[in-house]
Amino acid sequence: MEQFVDNLALGFSTALSLKNIGLCFLGCLVGTLIGVLPGVGPIATIAMLLPVTFGIDPTGALIMLAGIYYGAQYGGSTTAILVNIPGEATSVVTTLDGHQMARQGRAGVALGIAAIGSFIAGSIATLVIAALGAPLTKLALLFGPAEYFSLMVMGLVFAVVLARGSLPKAIAMIVVGLLLSTVGTDLETGQERLTFGIAELSDGVDFAVLAMGIFGFAEIIRNLENPETRDVVRGKIGRLLPSKEDFKQALPPILRGTGLGAVLGILPGNGAVLGPFASYTLEKKIAKEPSRFGRGAIEGIAGPEAANNAGAQTAFIPLLTLGIPPNAVMALMVGAMTIHGIIPGPQVVTKNPQLFWGMIASMWVGNLMLLIINLPLVGLWVRLLKVPYSLLYPAILLFCCIGIYSINNSTSDVIFTAFFGLVGYALLKFGYEPAPLLLGFVLGKLMEEKLRQALILSRGSFATFVERPVSGGLLLVAAIMLVIALLPAIRKGRDEVFTE
Amino acid sequence: MAPDQTGDQSVPHAARGTQDIAAGLFLIAVALIAFWQAKGLPLGTLRSMGAGMLPTALAVLLGAFGIAIALIGALRPGVAFERWSFRGLLFVLGSIITFALTVRLFGLVVAGPLTMLIAGAADPQTNWKHTLIFSVVLTAFCILLFKVALRLPIPVITFL
């Protein structure tokens, strides 16, 4: 307990330095600014803003990125409530009752309760992370190469099972990601692999280039296909602060949503996405008048928004303790850490306690910041939502180009990004989800390293992965998950969860 | 996590999953390219893996998935292959490549507005007057932000 307090104190002393508060604020602000744009989800937002953080020290950069992430999440909710366009899968649920409330002239209260619910959820989730962080890292330090490899396999399997769409297609995307990670000079033998003789590829595919192309540019092209029909709420936003009654009605769903979201968020894969859905279903089930849902029930926003934010935050747990990103956003965080020379994993907490605890404390600061930024700035977001897409996307493109160019002052990086934009667009058209690709890409190098180490130790025998109890157990869990996902009954249920 | 890309309500269905057939063929092509590139690399043994082991193994695995996905598409009714928006592809990617080609040659003063104007052509709803004014304003803003404030070494004007 004492250690817990000490750790948090260290974290807050880092996060509350003037510079880091500033970065957190800036991150939240630009994150919301981009996240509010319809059709730009958190992944695209982070991918686009990644280059901005490269000039900053690692702790500051990660604090800013986390701020961008929360900002983007909240921006997505704002869009969901005001325009009825979910910026991302997790805010689909928010559109149901949020937009109805907005139509009834209660947009302000909807936005307010979303911000307050997110803040409460974020505060609780921060404590959960702080409490689980240290023990889990100790556990991870006992892992050998075989265990690590199996853990990553399990993480990828979870990612596939909990993702939307076809299972074989998701696995295929992971394989493509792994394949892309082998491009460049082989670390052990120094030989160049899959470089097509292009000198710029000998360092491998740049993470920011891949992410910006596949998530940023591909999404812009995709959005252009659908002619815009935007239904920005006209009329008054109304008062922002919920009344005492509203708050009383919303508090229990917020707490239940926080619990659900926090637990689901830790799961590898898109666990965080399930949180809002689960929370909405739960609230509707236990409500006295379920018919109010879909017609502007405040519980229908409070619960899912809290679940969303709690899940978004506990998703950091596998990343910070085990070094395994549970979803594409966390994969982007891994990329950002690696660029700053930090290899995510259990060693971060011992080698870089300031960074580790500073980031955790900054999560709480970031949530507070969002509450402060968003309530007074709602008017600005509403105005921004009225700017037509045809004017916005050329600006986004220019920003992205400058960002990519600035990473290495390289024009070839810009051209590679355009190429990955084409690839990303093709993947969307073929019905592939790009998120597993990014996960495979991020984990690829580490997986290959651990695989090689494990096979050297076992003298070339694959049996080592099954024979070592922890490694075997992890693989067994992965296998069971895969089998369950393939059972027809469950598959149908899974499809329903994602299409509802 | 990504926004709803499938447009759930109105997925066009077809007698055969032409989308899956195309998706499978795409994977097979990627697998063949990777296999060809990894061909000269030593495989090594399991005990000490060579540089080519993993890429080759992944390429084979990917090819197998490609065949399976294409077969699923060919044998079962499924989602129809969607039309590609070549206008969007051409002008969005064209504007990015234009940026890459002009930023060193002329500097941001030219590359900025040029990129935004070419990108503007991707959307039929573009209001050219607005985009033109906005591109000049935004370029000026970018110069102030990236060059003056953040001091990134990005060329601003190279021809004067």
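Not measured: the values here are computed from a predicted model.

A. Representation of the overall build of chain B in the model. The number of helices and strands found in chain B is five helices and two strands. Ordered by position in the sequence, the α and β elements of chain B form the string β-α-α-β-α-α-α. On C-alpha atoms alone, chain B measures out to a radius of gyration of 23 Å, which is more than a quarter above the 15 Å that the 2.2 N^0.38 rule sets for 160 residues. Counting the 160 residues in chain B, one finds 44% classified as buried. Pairs at least 24 residues apart make up 68% of the contacts formed inside chain B by residues separated by at least 6 positions. When the accessible surface of chain B is summed, it comes to about 8,500 Å², and 73% of that surface belongs to carbon and sulfur atoms.

B. Fine view of the interface of chain B and chain A. Facing 74 residues of chain B, the contacting portion of chain A comprises 75 residues. Summing both partners gives a buried area of about 6,800 Å² for chain B against chain A, and 74% of it is carried by carbon and sulfur. At the junction of chain B with chain A, the criterion picks out three salt bridges. A salt bridge links Arg222(A) to Glu82(B), with the shortest nitrogen-to-oxygen separation between them at 3.6 Å. Of all the secondary-structure elements, those providing two or more residues to the side of chain B that touches chain A are helix 1 (18-38), helix 2 (53-75), helix 3 (86-102), helix 4 (108-120) and helix 5 (128-149) of chain B. Ranked by the residues each element gives to the side of chain B that touches chain A, the list is headed by helix 1 of chain B, at 13 residues.

C. Looking closely at helix 3 of chain B. Here helix 3 of chain B contains 17 residues, and its C-alpha end-to-end distance of 23 Å stays within 8% of the 24 Å for a straight helix at 1.5 Å per residue. Within helix 3 of chain B the residues assigned to the buried category are Gly88(B), Leu89(B), Val92(B), Leu93(B), Ser95(B), Ile96(B), Thr98(B), Phe99(B), Ala100(B) and Thr102(B). If you follow the buried residues of helix 3 of chain B, they end up packed against helix 8 (207-225), helix 16 (389-408) and helix 17 (411-429) of chain A together with helix 4 of chain B.

Definitions and cut-offs
- Residues numbered from 1 in each chain as written.
- Chains lettered and ligands numbered in written order.
- Predicted model: local features only at pLDDT ≥ 70, side-chain atom pairs only at ≥ 80, totals over all residues.
- Heavy atoms only, no water.
- Helix = DSSP H or I, 4+ residues; strand = E, 2+ residues; numbered from the N terminus.
- Rg over C-alpha atoms; globule rule 2.2 N^0.38 Å.
- Buried < 20%, exposed > 50% of the residue type's maximum accessible area, 1.4 Å probe, protein only.
- Contact = heavy atoms within 4.5 Å.
- Areas by Shrake-Rupley, 256 points an atom, 1.4 Å probe, with all protein chains shown as cover.
- Buried area = accessible area lost by both parts, 1.4 Å probe.
- Salt bridge = Lys/Arg side-chain N within 4 Å of Asp/Glu carboxyl O.
- Expected span 1.5 Å × (residues − 1).

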